[in-house]
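Each chain is listed here by its residues.
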Amino acid sequence: MKFPGSVLASVFLFVAETTAALYLSSTYRSGGDGMWQALTLLFSLLPCALVQLTLLFVHRDFSRDRPLVLLLHLLQLGPLFRCFEVFCIYCQSNHIEEPYVSITKKRQMPKNGLSEEIEKEVGQAEGKLFTHRSAFSRASVIQAFLGSAPQLTLQLYITALQQDVTIGRCLFMVLSLLSIVYGALRCNILAIKIKYDEYDVKVKPLAYVCIFLWRSFEIATRVIVLVLFTSVLKTWVVIDILLNFLSFLFYPWILFWCSGSPFPENIEKALSRVGTTIVLCFLTLLYAGINMFCWSAVQLKINNPDLISKSQNWYQLLVYYMLRFIENAFLLLMWYLYKTDIYMYVCAPLLILQLLIGYCTAILFMIVFYQFFHPCKKLFSSSVSESFQEWLKCACCDCRRRKSSESAEKTDLRSSADREETPCSSKISSMPSQILNADELFSA
């Protein structure tokens with residue numbers, strides 16, 4: 001049975017980040033910074049409450065008679081209790097033989113164009129561990145993008161304003177960045193397992209390393225760009241954030257309303273129509289929060305029973321990173337034009353170049369992952385390089401068509417101009433002949 005290392009990592013980041021947030025808020029209180037204390041506590045306690053609700057929802061504890069578990073979650077101790085329960089199940093599974101097992105069928109990755117179906121026995125303990133891993137993976141994504149991402153942006157903004165960084169704040173920012181990158185990594189793995197649910201997916205260590213580097217560069221550069229722009233244009237950053245957030249928040253609903261599909265009722269049997277609506281609104285909120293800082297790796301599709309589009313759309317990925325790169329470059333340009341005296345000792349052109357190169361490095365690691373280390377790359381209808389080549393061919397063909405149409409229009413204009421000139425020349429040439437005819441008549 002696989003060691004539950006992902007559960008241990010999720011709980012460690014949850015406890016460490018919460019403890020660091022409480023300590024840092026106490027230092028803000030002692031320093032008289034009430035606003036920073038309130039915002040730090042808000043971005044720490046709100047995701048904590050959402051994590052407790054997620055664990056209760058995945059384990060269906062609302063409909064079960066477990067008052068002790070509900071009390072522990074109310075006291076924000078639910079992840080610790082769940083982690084203890086996971087390791088109890090893991091340790092007991094090696095000593096107790098289970099009388100009942102279930103058989104699952106999975107298909108292997110195709111080799112030489114052939115894919116074999118294998119059967120695997122899954123005991124009750126392994127099934128419980130799978131549920132715990134799934135719950136903690138979702139909780140890590142929620143903690144990362146609804147708590148750690150705004151928290152990291154806030155603490156980096158405070159550091160830029162005060163021009164000073166303490167050891168506690170530095171440690172807190174490192175933990176927040178690790179939490180965001182880990183949440184993005186779990187989001188990638190969840191997307192792969194949901195899209196290719198019928199296959200036996202095995203992610204190699206090099207794939208984890210590639211995803212970690214991709215997400216680290218992408219998220220770090222994005223947060224720094226937002227902080228730099230916020231420090232000089234506070235009003236305009238609100239417009240930029242609202243535009244980004246609301247566009248990703250309403251995009252799945254617009255697609256759902258345009259499709260004309262009925263309202264989804266099969267998300268969870270125990271949920272009413274109001275509960276289903278709340279769950280869908282929360283999912284779109286999380287989807288918008290993820291895309292604010294990085295690529296979500298999934299496309300939310302409300303009219304789909306799985307709520308996720310299982311098709312691999314390279315063009316959406318290309319458009320997202322192109323627009324995000326242009327946005328980052330524009331925000332950096334605005335920061336360069338309106339930067340204040342607090343950046344007197346900062347080499348602005350070099351910093352802009354480093355940030356843009358960092359974002360390009362993230363895109364490079366993303367391409368390397370999808371091209372070489374994706375566990376299901378054999379199932380792709382086309383790879384990243386092939387899709388990029390097709391896109392270049394389409395772009396070149398469009399350019400050639402435009403040039404040919406422009407040249408055709410020019411030739412048409414020239415020919416029409418020549419046609420207009422030819423009657424005039426014929427009239428001029430006919431005049432002398434008319435004069436000669438008149439002279440001949442007079443001489444006769």
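Residues numbered from 1 in each chain as written. Predicted model: local features only at pLDDT ≥ 70, side-chain atom pairs only at ≥ 80, totals over all residues. Heavy atoms only, no water.

A. Fine view of the overall build of the protein. A tally of helices and strands in the protein yields twelve helices and two strands. Along its sequence from the N terminus, the protein presents helices and strands in the succession α-α-α-α-β-β-α-α-α-α-α-α-α-α. Counting over 444 residues, the protein shows a buried share of 41%. Carbon and sulfur atoms make up 66% of the accessible area of the protein, which amounts to about 25,700 Å² in all. (Helix = DSSP H or I, 4+ residues; strand = E, 2+ residues; numbered from the N terminus. Buried < 20%, exposed > 50% of the residue type's maximum accessible area, 1.4 Å probe, protein only. Areas by Shrake-Rupley, 256 points an atom, 1.4 Å probe, with all protein chains shown as cover.)

B. View of the packing of aromatic side chains. Enumeration over the complete set of coordinates arrives at 15 aromatic pairs. Ring geometry for Trp36 and Tyr157: centres 6.2 Å apart, planes at 80 degrees, overall edge-to-face. One end of the pair, Trp36, is in helix α2 (residues 34-58); the other, Tyr157, is in helix α5 (residues 124-162), and 121 residues separate them in sequence. Its relative accessible area of 14% is what places Trp36 among the buried residues. Here Tyr157 falls in the buried class, since its relative accessible area comes to 12%. Here the aromatic residues Phe248, Trp295, Tyr320, Tyr321, Phe325 and Tyr359 are joined through ring pairs into a cluster of three or more. One Lys or Arg, Arg215, reaches over the ring of Trp214 and ends 4.1 Å from the middle of that ring. Positioned over the ring face of Tyr336 is Lys339, at 4.3 Å from the centre of the ring. (Phe/Tyr/Trp six-rings, centres within 6.5 Å; stacked < 30°, edge-to-face > 60°. Lys NZ or Arg CZ within 6 Å of the ring centre and 35° of its normal.)

C. Broad picture of the side chain of Ser134. Considering the arrangement of structural elements, one finds Ser134 in helix α5. Overall, Ser134 belongs to the buried group, its relative accessible area being 18%. Engagement of the side chain of Ser134 in a polar contact is seen with the side chain of Arg138, the distance being 2.3 Å. (Polar contact = N/O pair within 3.5 Å; in protein donor to acceptor, adjacent residues only side chain to side chain.)

D. Spotlight on unusual backbone geometry. Phi angles above zero are rare outside glycine, and Gln76 is one such case at about 65 degrees. For Gln76, the position within the fold is in the loop between α3 (67-74) and α4 (78-93). Its relative accessible area of 31% is what places Gln76 among the partly exposed residues. Of note in this structure, Gln163 is not a glycine but carries a positive phi near 55 degrees.

E. The arrangement of a positive patch on the surface in detail. Taken together, Lys111, Lys202, Lys204, Lys377 and Lys378 make up a surface patch of like positive charges. Secondary-structure assignment places Lys111 in the loop between β1 (101-107) and β2 (117-123). (Patch = residues over 30% accessible without salt bridge, like charges linked within 9 Å, V, L, I, M, F, W, Y side chains within 5 Å. Salt bridge = Lys/Arg side-chain N within 4 Å of Asp/Glu carboxyl O. Lys, Arg positive; Asp, Glu negative; His and termini not counted. Charge placed at Lys NZ, Arg CZ, Asp CG, Glu CD.)

F. Highlighting the environment of Asp197. Tracing the backbone through its elements, the reader meets Asp197 in the loop between α6 (167-195) and α7 (205-232). For Asp197 and Lys310, which are 113 residues apart along the polypeptide, the C-alpha to C-alpha distance reads 9.9 Å.

G. Structural view of the side chain of Thr40. You can see Thr40 is positioned in helix α2. Beyond its immediate chain neighbours, meaning those up to four positions away, Thr40 contacts Ala21, Ser25, Tyr28, Gln151, Leu154, Gln155 and Phe172. (Contact = heavy atoms within 4.5 Å.)

H. Representation of a nonpolar patch on the surface in the model. A cluster of nonpolar side chains, namely Val15, Leu68, Leu71, Leu74, Leu75, Leu77 and Leu80, defines an oily patch on the protein surface of about 650 Å² accessible area. Examining the composition of the nonpolar patch, we find that three residues originate from one element, α3, more than from any other. Tracing the sequence through the fold places Val15 in helix α1 (residues 5-30).

I. Up close: the confidence of the model for the protein. Confidence in the prediction for the protein averages 82 pLDDT; 82% of positions are at 70 or higher. α7 holds the highest mean pLDDT among the elements of the protein, 94, whereas helix α12 (residues 384-443) holds the lowest, 57. Considering only residues more than four positions removed or in separate chains, one finds that residues 424-444, a stretch of pLDDT under 50, has zero contacts. (pLDDT = per-residue confidence, 0-100.)

J. Structural detail: the nonpolar core. Within the largest apolar cluster, 49 residues are counted, with the highest numbers of intra-cluster contacts made by Val141, Phe145, Ile219, Ile290 and Trp335. Among the elements that line this core, the one with the most residues is α5, at eleven residues. Not counting residues up to four positions away in its chain, the partners in contact with Phe145 are Pro150, Ile180, Gly183, Ala184, Gly289, Ile290 and Cys294. Counting residues in each nonpolar core, the second largest holds 38 residues, with Ile189, Tyr199, Ile302 and Ile363 among its members. (Core = buried A, V, L, I, M, F, W, Y, C linked by side-chain atoms within 4.5 Å.)

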